Amino acid sequence: MVATLRLKDGFELNGKLVGAPLKVVRGNLISSYSIPGYEAALQDPANKGAIISFISPMVGSYGISFSDIESSGPMAAAFLLKKLYRGPVLPGRITLEKFMLEKGISALENIDTRALNIHLSKNGEMSAVIFTEEYRKEALELLEKEEERELSSLYENETEINGKGGRRLSLLDLGASRGLVRMLCKHGYDLKIFTRDSKAEDILSYSDTLLVSNGSGCPKKEEKATALLSSLNGKVRLCGLGLGALLLNRISGGEVEHMKKGIHGSLAIRRKDGSIFMSAKNTAGSIKSLPEGFETTHVEPNTNRIEGFRNQDGRISGLMFAAEGNPGPEESQKELFDMLEGDN
Amino acid sequence: MKRSDIKHILVIGSGPIIIGQACEFDYSGNQAVRALKEEGYEVSLINPNPATVMTTPGLADHIFLEPLTVEYVEKIFEQVGPDAILSNMGGQTGLNLTMELEKKGILAKYGVKVLGSSAEAIELAEDRGKFKDAMTELGLESAKSAIAHNTDEALKAKKEIGLPIIIRPSFTLGGMGGAIAKTEEEFIPLVENALAASPVSEVLLEESLIGWREIEMEVMRDRKDNCITICSIENIDPMGVHTGDSITLAPALTLNDEEMERIRTASFDILRKIGVDSGGSNVQFALSPDHKRLIVIEMNPRVSRSSALASKATGFPIARISAKLAVGYTLDEIKNEITGENLACYEPAIDYIASKVPRFELEKFPLPVSALGTQMRSVGEALGLGRTLLESLNKAFRSTEQKLEGIEELDRNKYEVEKLSRAAHPMRLLALYTLIKEGKEEDLVKLSEETGFDVYFLYMLKEQAELDKKISSNLTEELYIEAKQAGMSDNRILKLSGLERIPYSVDAAVHYVDTCSGEMEPLTPYCYLTYGEKDDAETLSDNSVIILASGPNRIGQGLEFDTCCTLSSRAYRKLGKKTIMINSNPETVSTDYNTSDRLYIEPLTAETVLRIMKKEKCRDVVVQLGGQTPLNMAETLEKNGANIIGTSLESINRTEDRELFSNLVRKLGLRQPENRMGHSQEEVKEKAKEIGYPVLIRPSFVLGGRSMFIAYDEESLDEYFQKMNVQCTKESPVLVDQFLEDAFEYDLDAVSDGENIYIGGILQHIEAAGIHSGDSAAVFPPYKSKPEILEEMRSWTLKLARELNVKGLMNIQFAEKDGKLYIIEVNPRASRTVPFISKASGVDLVEAAVRVFMNEDLHSQGLVPEGKNIAEGSCITGWAIKEAVFSFNRFQNVDPALGPEMRSTGEVVGMGRSFGEAYAKSQAGADNVLPTKGRVIISVNRKDRVTIAPVAKALQELGFQILATKGTARDLFGMGILTDVVLKTHEGTPNIVDYIRARKVDLIINTPMGYHARRSDDSIRTEAIHAHIPYTTTTSAAIAALEAIRYLQQDRHTVRELPWKH
């Protein structure tokens, strides 16, 4: 069955509808550069409500392999791809098609994702709808409405996860990636996951460090989280990733902005000492200016865009890239640990 | 930052093309030389391969076409005084030479630093024992293995490891001498073989991982420890087949993110551990079918065939960046030239799939069913780019130019499909496809377990089979587009659908390879075609020309032609014309992103070229530079509106069609060997009698000298028909030609403007007529010929050029017998010898041809003086000798005796003031190490004994001990030369073979004893190859070798810089 993708500016492409049935789906359209990472991208809370277009043309090649698949749903609203793999996968995995049917997610196949990416690169990220022809009218109406960026979260309630009895770390979940939680536990952190509704004193009593996760929301819309963080400022060491870092920058007096086109894939990061490593990123938010007294710890080497910062005493620091890896390179994990340990 | 303690760098090339080491190192070396020049370094280059682009005058400051041996490199150190060498651009040859220079203390003696991979890193990566220990220290798993230096040690190791077991010799390139032993009986002979192949008599015995998944990573590291991945490559063929012989794709598709990151992190750890601190490396892994065990196979601390492939697949120029890293830059200090925007510290984002399919020479070197293994056998490869795996793979198969339109079922009359589907054979994937399409393999999971192919790839075959069936039943427009998107050719679609013409019209879309999936507007991208998507590119220019290159390497069509195409692009651009290159060979310079104004990585078929012509609105097509491939489609192109640049098709046909050619020769009053045609065996005999024996016979429909035979009498004619299984019928007649026995052969290369000719040079072959010109050593200028014969050649050439109105290059092969000149063939196109002649004469014939294409005649070019019609070049170094290089050591049972069928894979040149010097260097360059003392075995056929006598005598005088087989010894004694007698193989022991195996002989002169005796002296030559003992199979080569030995005994290793006329 043919379905249509229409962008806010009128750009349209047709594709073959696969997965769950669909009438109209709307979302912010992003291009994901992650080559084998469709599995994580579809389930990354930071992609909540997004329509993901995969740059890598062959999608579904290894099925869905997360062991905790049952508890994890798709976060993306829908996705776009060139070619779906429909054949058998390894024992213990399920095919992407089956996953889509089970989780009620739809995709368009045989989409010219290259033309789409070129379009987005020129015109900027924007919202889009996917619809079948009979729902064209509804779809166009929906597209005209102002976009509400959904707030995301990985956990609904406060949750404690014990690593291997190492040191304690509080995590404020604004849409943390599963990879982040898994990686922190693997490295021996005892985690307590807090939500936007958590109380400041509970956070303070658990650990002296709070990591604020990445997420799908717009910094200005994260009112609860902003208030919570403001109340914690100065009482606990605050570390942020992606959206989390943007919020920390804002509460300290810095300015944030929205990039024309977000970065959803790998990129190089340069440390203060000049060395480079590869990481990944999944956000359209960017730091426009740092608060007074803050210093830049990481930049993107082509544009010198700020990718990491800290204040003078190291009580507040942030990384704009997905230092946890998974999906994405693992070599940036060291940056996360350095930040958490105050070695940045 | 750039190192300032270095001013002058010597780049080591990889030498002649051999199986396992081909054009990819010309491509890499060329990028390196240019990158270093850009940085302002003085650059010297050593590479005896005259066919390369990298040795083009003007590229490096000092070009030495000298043998890649320690002696000659040392002389270069003395003569031009470089303060560093670049080790990692010349393949395994470059690494080995660097190691030797280090071990012999030459580097220390001259204070020369190693750039690229250090001697320590090379040692650690190449020494299998040390490498394995290093992996264990990293916590990475290696296959169970042991080192053995003799058969006893090997047997002990086998107990631990078990069968099947992999046997690899240490320090060889392309896995030469490696094998897999599956049975007890095979084990010892294979071990012995491998011990012989290893220069240090050491073998590695390894747990067999046959049937596992194979993944390669192309990674780079700079001196600040910045590491990046360029791309991952997944082998479709499971473990057990050398990656060079495997069908591969990039990026890897069947691994999830976690698995990819594990491999990626391991690759960086390995780079750091081995100590590659500035450059690219290739790391190979095996993954168990359940994805649980990850095993490190090997790493190459240098650019490689895979890195060339990765560069072309992604647009990231690994060699260029490696060279910059080697001189001190870091990844974040180098610009990405494709986009012109971002820095080299990025990992290419690709929105297409790149597939590589190797090309084998199954007809010249037949392979038994399970022939593929750890030793590389393919001679070339083709790259296909497409938006899906099927699209790219269908294109890659088509691009191999083996009469496949893509993934097609095998002809059951020709192939044992069931057997091939379970055997390591080049046709295995197509055999599996055949079975799947026939419905004989329905359980793909089971098939995957049985064959080791990931089910992912088998499912892809199933999709193709289903698509085929749909097309066969009813080709709708929608289905046609789907088929085009799957990479199918119109020919294939027509065949399946049974239609005569495609009733639908769909234009191709041009997509860019831009390293960034369209994120940035690229500066120097290249292109591929796909369907049903939006165009990236606009028409390049209204002043463009299409150059058709030569496709995958094969014997008889390789680097030489690619170099002609590259040089033509350069010449055209200099003259202000925009060039559009089409090629499918990822190894080459012609497929480098900056060789042409626009490059298409596409199959060289008429359909593709016509589609590109339409896209580019360009009718001008150059077909005379890329060998046979472009010529084969020229007629179709012309019929469909192409304007063939240069010599007309009609003229080309007059030289290719036997009858037309005879008419031409007659019309011009020239002479050619008598020639007839027989439509039955009886008729062939009749015609042979008419002409008079010996005759050269061959089937009319076979090209390239295959199934050619020289018959001396009627009896051997009968034998030919029986043994070679040659059909002779009305439809497929057999050609019968007068054979000019013992004639001198010549090659002449010229450029013509239709009126005048400029002869680049005339080459005289060392081997007599009857040996394919590509396999002969050739001397420039002619070394034993009369001036009047040369004069006759010149005037014949002018006559031909005028009659045929040749515009551009032409090559003529002549033979001279008893003072009479014969014309063997005329090729109004680029020949294999054009790059060689251009360098040896100092005039770029390709540029001259391009200027003719642009209507600049030879007078205005200044090549032919006003008032004259003929001019000729001369050898700028005195003597230049081209020697053919073979890869016989890759094939167990191939007789290296030369014949009318071409089998060499590459060439080298030797240059010198004297014939002896030039020949000595040509042999050293070809790794045919002539001795200066020791023992020579002579075993020649009866008619050669008179000729060989003075050689034997001279060798004795030079201090050699001569051994001869009975007959030879007797006849030599009759001529007053006393030699010792050595037994032939069947005469008892110790015989010739025993001497060879024990390496108690330093030179073998052995001419074939004729067709009957072929078997018996087979073993002498094959044994000589395996023992790496120089041998000559013709008397003329023996005489030349004598001259060379005289030169070598003076112990001079003069190096001569290639002069360059600005």
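## A closer look at the overall build of chain A
Right, on to step 1. Along chain A, the regular secondary structure elements total nine helices and 19 strands.
Right, on to step 2. At 20 Å, chain A has a C-alpha radius of gyration in line with the 20 Å of a compact globule built from 344 residues.
Right, on to step 3. Expressed along its principal axes, the backbone C-alpha trace of chain A runs to roughly 60 × 45 × 40 Å.
Right, on to step 4. Residue burial in chain A is summarised as follows: out of 344 residues, 65% are buried.

## Considering the overall build of chain B
Right, on to step 1. Along its length, chain B carries 34 helices and 41 strands.
Right, on to step 2. The C-alpha atoms of chain B give 28 Å as radius of gyration, which agrees with the globular expectation for 1062 residues (31 Å, within 12%).
Right, on to step 3. Oriented by its inertia axes, the alpha-carbon framework of chain B measures out at about 80 × 70 × 65 Å.
Right, on to step 4. A separation threshold of at least 6 residues defines the contact pool for chain B, and within that pool the share at least 24 residues apart is 71%.
Right, on to step 5. The distance from the centre of the 122 positive side-chain charges to the centre of the 156 negative ones in chain B is 3 Å.

## Section: the sheet that holds strand S1 (residues 2-7) of chain A
Residue and element names in this part refer to chain A.
Right, on to step 1. Strand order in this closed barrel of seven strands is S1-S2-S8-S6-S4-S3-S9, and the pairing throughout is mixed. With direction set aside, neighbouring strand axes in the sheet form an average angle of 35 degrees.
Right, on to step 2. As paired elements, strand S4 (residues 50-54) and strand S6 (residues 78-80) share three bridges and run parallel to each other. Across the sheet, Ile51 pairs through a bridge with Ala78, a residue of S6.
Right, on to step 3. Of the strands in this sheet, S1, strand S2 (12-19), strand S3 (24-32) and strand S9 (126-131) are in contact with helix H4 (residues 136-144), which crosses S9 at around 165 degrees.

## Points about the confidence of the model for chain B
A low pLDDT score tells you not to read the predicted coordinates there in detail.
Residue and element names in this part refer to chain B.
Right, on to step 1. A residue-level look at chain B finds 98% of positions with pLDDT of 70 or above and a mean pLDDT of 92.
Right, on to step 2. Across residues 1011-1015, confidence stays below pLDDT 50; counting only partners more than four residues off in sequence or on other chains, it has eight contacts.
Right, on to step 3. Predicted complex, confidence summary: ipTM 0.93, pTM 0.94.

## A short note on the interface of chain B and chain A
Right, on to step 1. Between chain B and chain A, the contact holds 53 residues from the first and 49 residues from the second.
Right, on to step 2. Among the residues of chain B in contact with chain A, B:Asp257, B:Arg387 and B:Tyr456 are the three that bury the most area, contributing 14% of the side total.
Right, on to step 3. Viewed at the interface, chain A and chain B are joined by nine salt bridges.
Right, on to step 4. Measuring nitrogen to oxygen at the nearest pair gives 2.9 Å for the salt bridge that ties B:Asp514 to A:Arg114.

## Side note on the side chain of A:Glu324
Right, on to step 1. Considering the arrangement of structural elements, one finds A:Glu324 in the loop between strand S19 (316-319) and helix H9 (333-340).
Right, on to step 2. Within polar-contact distance, the side chain of A:Glu324 engages the side chain of A:Ser177 at 2.9 Å.

## Things to note about the pattern of salt bridges
Residues and elements named next belong to chain B.
Right, on to step 1. Considering all chains together, one arrives at 101 salt bridges over all chains under this definition.
Right, on to step 2. Where Lys495 meets Glu408, a salt bridge forms, and the shortest distance between an N and an O atom there is 3.7 Å. Taken together, the residues Lys495 in helix H18 (residues 490-497) and Glu408 in the loop between helix H12 (389-399) and helix H13 (417-421) connect sequence positions 87 residues apart.
Right, on to step 3. Taking the shortest distance from any N to any O, the salt bridge between Arg1046 and Glu1043 comes out at 3.8 Å.

## With respect to the state of the cysteines
Disulfides are covalent bonds that link the sulfur atoms of two cysteine residues.
Right, on to step 1. Under the criterion given, the structure shown has zero disulfides over all chains.
Right, on to step 2. You can see B:Cys565 has no disulfide; the closest cysteine sulfur is in B:Cys564, sitting 6.8 Å from it.

## What about unusual backbone geometry?
Residues and elements named next belong to chain B.
Right, on to step 1. The linkage connecting Ala250 with the following residue, Pro251, adopts the cis geometry, with an omega of -5 degrees.
Right, on to step 2. Position of Pro251 among the secondary structure elements: in the loop between strand S13 (248-250) and helix H9 (257-274).
Right, on to step 3. Of note, the bond from Tyr693 into Pro694 is cis; its omega dihedral lies within 30 degrees of zero at -5 degrees.
Right, on to step 4. Phi is positive for Ser517, close to 55 degrees, though the residue is something other than glycine.
Right, on to step 5. In this fold, Ser517 is placed in the loop between strand S18 (508-513) and strand S19 (526-531).
Right, on to step 6. A residue is classified by how much of its surface remains accessible, and Ser517, at 0% relative accessible area, is buried.
Right, on to step 7. In the Ramachandran plot, Asp742 falls in the positive-phi region, its phi being about 60 degrees despite a non-glycine side chain.
Right, on to step 8. Looking at the element boundaries, Asp742 is found in the loop between strand S28 (734-738) and strand S29 (744-753).
Right, on to step 9. You can call Asp742 exposed: its relative accessible area is 54%.

## Comments concerning the nonpolar core
Residue and element names in this part refer to chain B.
Right, on to step 1. Of all hydrophobic cores here, the largest spans 104 residues; its most connected members are Ile9, Leu36, Leu86 and Phe316.
Right, on to step 2. Setting aside residues no more than four positions away along its own chain, Leu36 makes contact with Ile9, Val11, Tyr41, Val43, Leu86, Ala323 and Val327.
Right, on to step 3. In terms of nonpolar packing, the next biggest core, distinct from the first, is built from 78 residues, Ile353, Tyr456, Leu458 and Val623 among them.

## Side note on helix H1 (residues 24-38) of chain B
Residues and elements named next belong to chain B.
Right, on to step 1. Between its first and last C-alpha atoms H1 spans 21 Å; for 15 residues at 1.5 Å apiece the expected length is 21 Å, and the two agree.
Right, on to step 2. Counted residue by residue, H1 has twelve buried out of 15 residues, so it is predominantly covered.
Right, on to step 3. Where H1 is concerned, the buried positions are Glu24, Phe25, Asp26, Tyr27, Ser28, Gly29, Asn30, Gln31, Ala32, Val33, Ala35 and Leu36.
Right, on to step 4. Just past H1, the residue Gly40 takes up positive phi, approximately 85 degrees.

## A few points about the packing of helix H2 (residues 70-80) of chain B against helix H3 (residues 91-103) of chain B
All names here are of chain B.
Right, on to step 1. Where H2 contacts H3, the axes come no closer than 10 Å and their chain directions differ by 70 degrees. Comparing their axes, H3 and H2 come out roughly perpendicular. Residues Val70, Val73 and Phe77 of H2 lie in contact with H3, whose contacting residues are Leu97, Glu100 and Leu101.
Right, on to step 2. A breakdown of the residues in the contact of H2 with H3 according to their chemical character gives five nonpolar, no polar and one charged.

## Some details on the packing of aromatic side chains
Right, on to step 1. In total, this model carries 21 aromatic pairs over all chains according to the counting rule given.
Right, on to step 2. With a centroid separation of 6.4 Å and 70 degrees between ring planes, the pair formed by A:Phe194 and A:Tyr206 is classed as edge-to-face. You can see A:Phe194 sitting in strand S12 (residues 190-194) and its partner A:Tyr206 sitting in helix H6 (residues 200-206), a full twelve residues away along the chain.
Right, on to step 3. Ring geometry for B:Phe915 against B:Tyr919: centres 6.2 Å apart, planes inclined by 5 degrees, an arrangement best described as stacked. Taken together, the positions of B:Phe915 and B:Tyr919, both in helix H29 (residues 915-925) and four residues apart, correspond to about one turn of that helix.
Right, on to step 4. Given a relative accessible area of 2%, B:Tyr919 falls into the buried group.
Right, on to step 5. What links up through ring pairs into an aromatic cluster is the set A:Tyr85, B:Tyr456, B:Phe457 and B:Tyr459.
Right, on to step 6. The cationic tip of B:Lys158 hangs over the ring face of B:Phe187; the distance from NZ or CZ to the ring centre is 5.3 Å.
Right, on to step 7. The ring centre of B:Tyr27 lies 3.7 Å from the NZ or CZ of B:Lys312, which sits over that ring.

## Let's talk about the environment of B:Asp127
Residues and elements named next belong to chain B.
Right, on to step 1. Mapped onto the elements of the fold, Asp127 is located in the loop between helix H5 (119-126) and helix H6 (128-137).
Right, on to step 2. Taking relative accessible area as the criterion, Asp127 reaches 15% and is therefore assigned buried.
Right, on to step 3. Considered as a pair, Asp127 and Gly15 are 112 residues apart in the sequence and their alpha carbons are 23 Å apart.
Right, on to step 4. A polar side-chain atom of Asp127 sits 3.1 Å from the main-chain amide nitrogen of Lys130.

## Examining helix H28 (residues 845-853) of chain B
All names here are of chain B.
Right, on to step 1. The buried fraction of H28 is high, at nine of nine residues.
Right, on to step 2. Among the residues of H28, Leu845, Val846, Glu847, Ala848, Ala849, Val850, Arg851, Val852 and Phe853 are the ones counted as buried.
Right, on to step 3. Next to the buried residues of H28 lie helix H19 (559-574), strand S23 (620-622), S29, strand S30 (757-765), strand S32 (807-817) and helix H27 (834-841).
Right, on to step 4. Backbone nitrogen of Val846 and a side-chain oxygen of the N-cap are separated by 3.0 Å at the start of H28; the cap is Asp844.

## Quick look at the sheet that holds strand S16 (residues 276-289) of chain A
Residues and elements named next belong to chain A.
Right, on to step 1. Taken in spatial order, the ten strands line up as S10-S12-S11-S13-S14-S19-S18-S17-S15-S16 in an open sheet, and their pairing is mixed. Both outer strands of the open sheet, strand S10 (159-161) and S16, are each paired with one neighbouring strand and no more. Adjacent strand axes in the sheet meet at a mean angle of 25 degrees when their direction is disregarded.
Right, on to step 2. Of the strand pairs in this sheet, strand S15 (residues 255-271) and strand S17 (residues 295-299) are connected by two bridges, and their pairing is antiparallel. The partner of Arg271 across the bridge, within S17, is His298.

Rules behind the numbers
- Residues numbered from 1 in each chain as written.
- Chains lettered and ligands numbered in written order.
- Predicted model: local features only at pLDDT ≥ 70, side-chain atom pairs only at ≥ 80, totals over all residues.
- Heavy atoms only, no water.
- Helix = DSSP H or I, 4+ residues; strand = E, 2+ residues; numbered from the N terminus.
- Rg over C-alpha atoms; globule rule 2.2 N^0.38 Å.
- Buried < 20%, exposed > 50% of the residue type's maximum accessible area, 1.4 Å probe, protein only.
- Contact = heavy atoms within 4.5 Å.
- Lys, Arg positive; Asp, Glu negative; His and termini not counted.
- Charge placed at Lys NZ, Arg CZ, Asp CG, Glu CD.
- Pairing = 2+ DSSP bridges.
- Axes fitted to C-alpha atoms, helices over the stretch in contact; angles between N-to-C directions.
- pLDDT = per-residue confidence, 0-100.
- Buried area = accessible area lost by both parts, 1.4 Å probe.
- Salt bridge = Lys/Arg side-chain N within 4 Å of Asp/Glu carboxyl O.
- Polar contact = N/O pair within 3.5 Å; in protein donor to acceptor, adjacent residues only side chain to side chain.
- Disulfide = S-S within 2.5 Å.
- Core = buried A, V, L, I, M, F, W, Y, C linked by side-chain atoms within 4.5 Å.
- Expected span 1.5 Å × (residues − 1).
- Parallel < 35°, antiparallel > 145°, perpendicular 65-115°, else oblique.
- Nonpolar A, V, L, I, M, F, W, Y, C, P; charged D, E, K, R; others polar.
- Phe/Tyr/Trp six-rings, centres within 6.5 Å; stacked < 30°, edge-to-face > 60°.
- Lys NZ or Arg CZ within 6 Å of the ring centre and 35° of its normal.

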